[in-house]
Amino acid sequence: MSSSCATVTNVYENGKYTTVVAKIESGSCARSSLPLPLPPKPLLIAMPSEAGEFPVLIFLHGYLLYNSFYSLLIQHVASHGFIVIAPQLYTVAGADSADEIKCTAAITNWLSKGLHHVLPPHVQPKLSKLGLAGHSRGGKAAFALALQKAGISTALKFSALIGVDPVDGMDKGKQTPPPVLTYTPHSFDLDMAAMVIGSGLGEVKRNPMFPPCAPKGVNHEDFFKECKKPAYYFVVKDYGHLDMLDDDTNGIRGKATYCLCVNGKSREPMRRFVGGVLVAFLKAYLGGDSSDLMTITDGQTGPVELQAAECYV
């Protein structure tokens, strides 16, 4: 499809559905094998308020962030006809990310037996169409689960995988265990489509005393290099690692999101782009409609300017 034929896509705006967000309390990962209605971890679930059967996306938060910081992003995706499940994997995390990988697997396995208990009767999950996404360390956890790192797998099958500015550690050779990157091109053995979204300012230091939020050598560029077909890659110029979060992020951690990383002028454009390209990718690989994704890869990038755009198809 040539750029002269590209039509303007509306995925950067809210979709036709009115969204609601439900907060669900948890059981525990250790008890996830029992037929309990409670999920293994607390969840935020963004969903259409209208009746229907909708594909499902699990979205994993970044390092030491709260799932509530992504409320506008997950509602944007839900407004286009998706159920978005954002767990709170931890409040304090160590160097090893195996626990959040394990808990994401437990949440995934809980979906088929417990999700219908916490959704309104008129909102039905289409679990045969399931996506997995994550931001920062959550992006690493998403790829790790899809690659069955540490021998962890799920009963349900994912059809789409997304890393939003994924990070595998502090630097090459200093990866968070279990490591995901192997530095062998196209080595990821993924039985699904993948997309990697990067931030142009993520690898820039804000403070000389601390590393950048998405260091070169363990960031989006390296994740995409290891993907096989079909895979998509977008790097947003002039925006930072946390610019897809809500504008208002409360508390000490919320205020810190404006201080730790190099940021763009405003979060809204980056958030709209990330939400839009998530919708386009999910429509293509969970819904069978690739028209919006083709339009974006043809250069219709809406509210932002791209630093890089590639695809293997």
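Residues numbered from 1 in each chain as written. Predicted model: local features only at pLDDT ≥ 70, side-chain atom pairs only at ≥ 80, totals over all residues. Heavy atoms only, no water.

Looking at an unreviewed UniProt entry, one finds the protein chain named chlorophyllase and attributed to Ricinus communis. The record in UniProt for the protein chain states the following under Sequence similarities (unreviewed entry): "Belongs to the AB hydrolase superfamily. Lipase family." (UniProt positions renumbered as here; feature names shortened; annotations may be inferred.)

(A) Quick look at the nonpolar core. Counting 54 residues, the largest nonpolar core has I45, I83, L111, L115, F143, F188 and L190 as the members making the most contacts within it. For this core, the element with the most residues is helix α2 (residues 98–118), which contributes eight residues. In this view, F188 contacts F143, L147, V180, L181, F223, E226, C227 and K228; residues no more than four positions away in its chain are not counted. V11, A193, F234 and I296 belong to the second-largest nonpolar core, a separate cluster that totals 47 residues. (Core = buried A, V, L, I, M, F, W, Y, C linked by side-chain atoms within 4.5 Å. Buried < 20%, exposed > 50% of the residue type's maximum accessible area, 1.4 Å probe, protein only. Helix = DSSP H or I, 4+ residues; strand = E, 2+ residues; numbered from the N terminus. Contact = heavy atoms within 4.5 Å.)

(B) Highlighting the state of the cysteines. The tally for this structure, following the rule as stated, stands at one disulfide. No disulfide involves C227; its sulfur sits 12 Å from the nearest other cysteine sulfur, which is in C311. For C227, a relative accessible area of 0% translates into the label buried. When its relative accessible area of 37% is taken as the criterion, C311 is described as partly exposed. (Disulfide = S-S within 2.5 Å.)

(C) Examining the UniProt feature "active site" (unreviewed entry) in the protein chain more closely. Mapped onto this numbering, the UniProt entry annotates "active site" (unreviewed entry) at S136, D165 and H241. Considering the C-alpha atoms alone, the annotated residues occupy 106 residues of sequence yet fold into one spot, their largest mutual distance being 7.8 Å. When the annotated set is filtered for residues lining the largest pocket, what remains is S136 and H241. Take D165: its relative accessible area is 1%, and that puts it in the buried class. Other than its neighbours up to four places away in sequence, D165 contacts H135, S136, I197, G198, S199, A214, H220 and H241. When you line up the elements, H241 lands in the loop between β8 (231–236) and α5 (251–256). What H241 contacts, discounting residues up to four positions off in sequence, is H135, S136, D165, V167, S199, G202, C213, A214, C261 and V262. (1 Å grid on protein atoms, 1.4 Å probe; cavity = no way out; pocket = protein on both sides within 12 Å on 5 of 7 lines; lining within 4 Å.)

(D) Geometry of the sheet that holds strand β1 (residues 19–24). Pairing in this open sheet of nine strands is mixed, and the strands run β1-β2-β4-β3-β5-β6-β7-β8-β9 from one edge to the other. Only two strands of the sheet have a single partner each, and these edge strands are β1 and β9 (306–312). Direction aside, the axes of adjacent strands within the sheet are offset by 20° on average. Two elements, strand β3 (residues 52–60) and strand β5 (residues 123–135), share nine bridges in a ladder whose sense is parallel. Bridged to L57 within β5 is G131. Sheet contacts for helix α6 (residues 267–285): β3, β6 (160–164), β7 (193–199), β8 and β9; angle to β7, the most-contacted strand, approximately 170°. (Pairing = 2+ DSSP bridges. Axes fitted to C-alpha atoms, helices over the stretch in contact; angles between N-to-C directions.)

(E) Structural view of the confidence of the model for the protein chain. Averaged over all residues, the pLDDT of the protein chain is 93; the fraction at 70 or higher stands at 95%. Scored below 50 in pLDDT, residues 1–6 makes nine contacts in the model with residues more than four places away or belonging to other chains. (pLDDT = per-residue confidence, 0-100.)

(F) View of the packing of aromatic side chains. Considering all chains together, one arrives at 13 aromatic pairs under this definition. Arranged with centres 6.0 Å apart and planes meeting at 20°, the rings of Y12 and F273 form a pair that is stacked. Taken as a pair, Y12 in the segment before β1 and F273 in helix α6 lie far apart in primary sequence, 261 residues in all. Accessibility classification places Y12 together with F273 in one group, the buried group. Sitting over the face of the ring of Y183, K172 holds its NZ or CZ atom 4.4 Å from the ring centroid. Sitting over the ring of Y258, R267 keeps its end group 3.7 Å from the ring centre. (Phe/Tyr/Trp six-rings, centres within 6.5 Å; stacked < 30°, edge-to-face > 60°. Lys NZ or Arg CZ within 6 Å of the ring centre and 35° of its normal.)

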